[in-house]
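# Descriptive structure summary
Single-letter residue listing:
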Amino acid sequence: MIVGVGVVGAAGGEAQVAPSSLPSATVAPFTPQSTTATVTPSSTATVPPVEVPALTQTLRDGMVSSEVQQVQERLHDLGFDPGPADGIYGLMTKQAVWAFEKLVLQTPRTEATGQIDADAWQTLFNDVTITPRRSTSGQANHTEVYLPEQVMIVFHADVPVLISHISTGEVDVNGQPIEYCEEATYDTDAQGRELEEPVTKAICALAKTPGGVFSYDRQVEGKRVSPLGGMWNPVYFNYGIAVHGALEVPNEPASHGCVRIPMHISDYFQDTISIGDRILVWNGVDEPENVSERESLPSFDYPDPSVTTTTSTTVPETTTTTSTTTTTTLLTDISTTSPPTTPSPTTTSTVATTSTTSGPPTSKPATTTTTSVDSGD
């Protein structure tokens, strides 16, 4: 069975700092090949069939049997990772079966069961060939991310070495990124550098995982505690958007924009890629090469418009009331908003107005505050 991952798919990240230019992670124009990948035999991963008896019962979460162990071993052979082949049908096996259903059986994500019935059993143990949507003719390593299917594949010279179920930016019923608003405490900047003092801010952003062509540009080993969620062994490819391990990787988009993978896979994921490798993200609408540079930008955070402050300051013989007016530029639709020209998408201007009871008048000059934060998952 040849899995046509070359056929066009059906329609954790970090809150971002606005760029002064287009993202450096976006690589030069990529020459698209046929959307049905044609791969030479030497660069095709073909796993021969395995002789097995007929399945005696549908396999599902919680079962323990030799048949479960056979499923685990076969999934490992194909490039999936169900965890140890111990015959125990746990969460890791269920997540690997989700990926198998969505990728090989072409089951719509919302209909994936995480179970192996008789039909899935027969397909699993038949000839299965998995090819990339963008072949490199066996010349390079790259990663492909399919947002509609919520599946990611790492290819080495067009051979799949890791196929994983993923969870990306949360969407609404119309498939659009949701807006989230959080009070976050920042201890690092947009590049992951530690701040002198933590900063707590009420911010909003969209849970957007953009499509496009990118490259891995940095990674962090171990746990990175971000204000909006923890990340294990993150590898960044689009500003603060990273592929990283997470405790929760449900069968639906659920992150702030990052690409979540199961924790046991994140333990070795960094060993399967190299900084500079390309990562192509299919958004289900446009081919990665056709996504504009502006559309490929993540959502940049902005102050929560529902949060307002009023302060009063008393000085000798003078009472000054300061009213704060906040003007917020909401980058809720980066695809239709002109790219920002300053290091931040948000400028907050504080204008002081003075009422004097006695003594000489006082005033406070207008100030400009620039938001520059990094906030996670």
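Overview of the structure. (Residues numbered from 1 in each chain as written. Predicted model: local features only at pLDDT ≥ 70, side-chain atom pairs only at ≥ 80, totals over all residues. Heavy atoms only, no water.)

### Comments concerning the packing of helix 1 (residues 66–78) against helix 2 (residues 91–103)
Interaxial distance between helix 1 and helix 2 falls to 11 Å at its minimum, and their mutual angle equals 55 degrees. Looking at the two axes, helix 1 sits oblique to helix 2. Crossing geometry of helix 1 relative to helix 2 is assigned as left-handed. Two secondary-structure elements touch here, helix 1 through Gln72, Leu75 and Leu78 and helix 2 through Thr93, Ala96, Val97 and Phe100. (Axes fitted to C-alpha atoms, helices over the stretch in contact; angles between N-to-C directions. Helix = DSSP H or I, 4+ residues; strand = E, 2+ residues; numbered from the N terminus. Parallel < 35°, antiparallel > 145°, perpendicular 65-115°, else oblique. Left-handed = near helix turned anticlockwise from the far one by under 90°. Contact = heavy atoms within 4.5 Å.)

### Details of the pattern of salt bridges
For the structure on display, the rule yields 3 salt bridges. Arginine 134 serves as the salt-bridge partner of glutamate 287, at 2.4 Å between the closest nitrogen and oxygen. Of the two residues, glutamate 287 is situated in the loop between strand 15 (278–282) and strand 16 (302–303) and arginine 134 in the loop between strand 3 (128–130) and strand 4 (141–146); the sequence distance between them amounts to 153 residues. Judged by its relative accessible area of 2%, arginine 134 falls in the buried class. Among the ionic pairs, glutamate 289 bridges to arginine 134, the shortest N-O distance being 2.7 Å. Here arginine 134 lies in the loop between strand 3 and strand 4 and glutamate 289 lies in the loop between strand 15 and strand 16, a separation of 155 residues in the sequence. Through salt bridges with shared partners, a single ionic network connects Arg134, Glu287 and Glu289. (Salt bridge = Lys/Arg side-chain N within 4 Å of Asp/Glu carboxyl O. Buried < 20%, exposed > 50% of the residue type's maximum accessible area, 1.4 Å probe, protein only.)

### Comments concerning the sheet that holds strand 5 (residues 151–156)
Pairing between the strands of a sheet comes from backbone hydrogen bonds, and it takes one of two forms, parallel or antiparallel. Here 5 strands make up an open sheet; going across it, the order is 6-5-4-15-9 and the pairing mixed. If you trace the sheet from one side to the other, it starts and ends with strand 6 (159–165) and strand 9 (212–215), each paired once. For this sheet the average axis-to-axis angle between neighbouring strands, irrespective of direction, equals 20 degrees. The pairing of strand 4 with strand 15 spans 5 bridges and is classified as parallel. Considered in strand 15, the bridge of threonine 143 is made with isoleucine 279. Contacts from helix 2 reach strand 4, strand 5 and strand 6 within the one sheet, and its direction differs from that of strand 6 by about 115 degrees. (Pairing = 2+ DSSP bridges.)

### A closer look at the environment of phenylalanine 269
As for its position among the elements, phenylalanine 269 is in helix 4 (residues 263–272). In this structure the C-alpha to C-alpha distance between phenylalanine 269 and asparagine 233, which are 36 residues apart in sequence, comes to 8.1 Å. Non-local contacts of phenylalanine 269, meaning those with residues more than four positions away in its chain, are made with Met152, Val154, Leu162, Tyr216, Val235, Val243 and Ile261.

### Details of the nonpolar core
With 31 residues, the main nonpolar core has Leu59, Leu75, Phe80, Leu103, Ile116, Ile130 and Ile153 as its most contacted residues. Looking at this core, the elements that each hand over two or more residues are helix 1, helix 2, helix 3 (118–124), strand 3, strand 5 and strand 15. Among the elements that line this core, the one with the most residues is helix 2, at 5 residues. The next biggest cluster of nonpolar side chains, apart from the first, holds 19 residues, and it includes Phe214, Val235, Ile241 and Val243. (Core = buried A, V, L, I, M, F, W, Y, C linked by side-chain atoms within 4.5 Å.)

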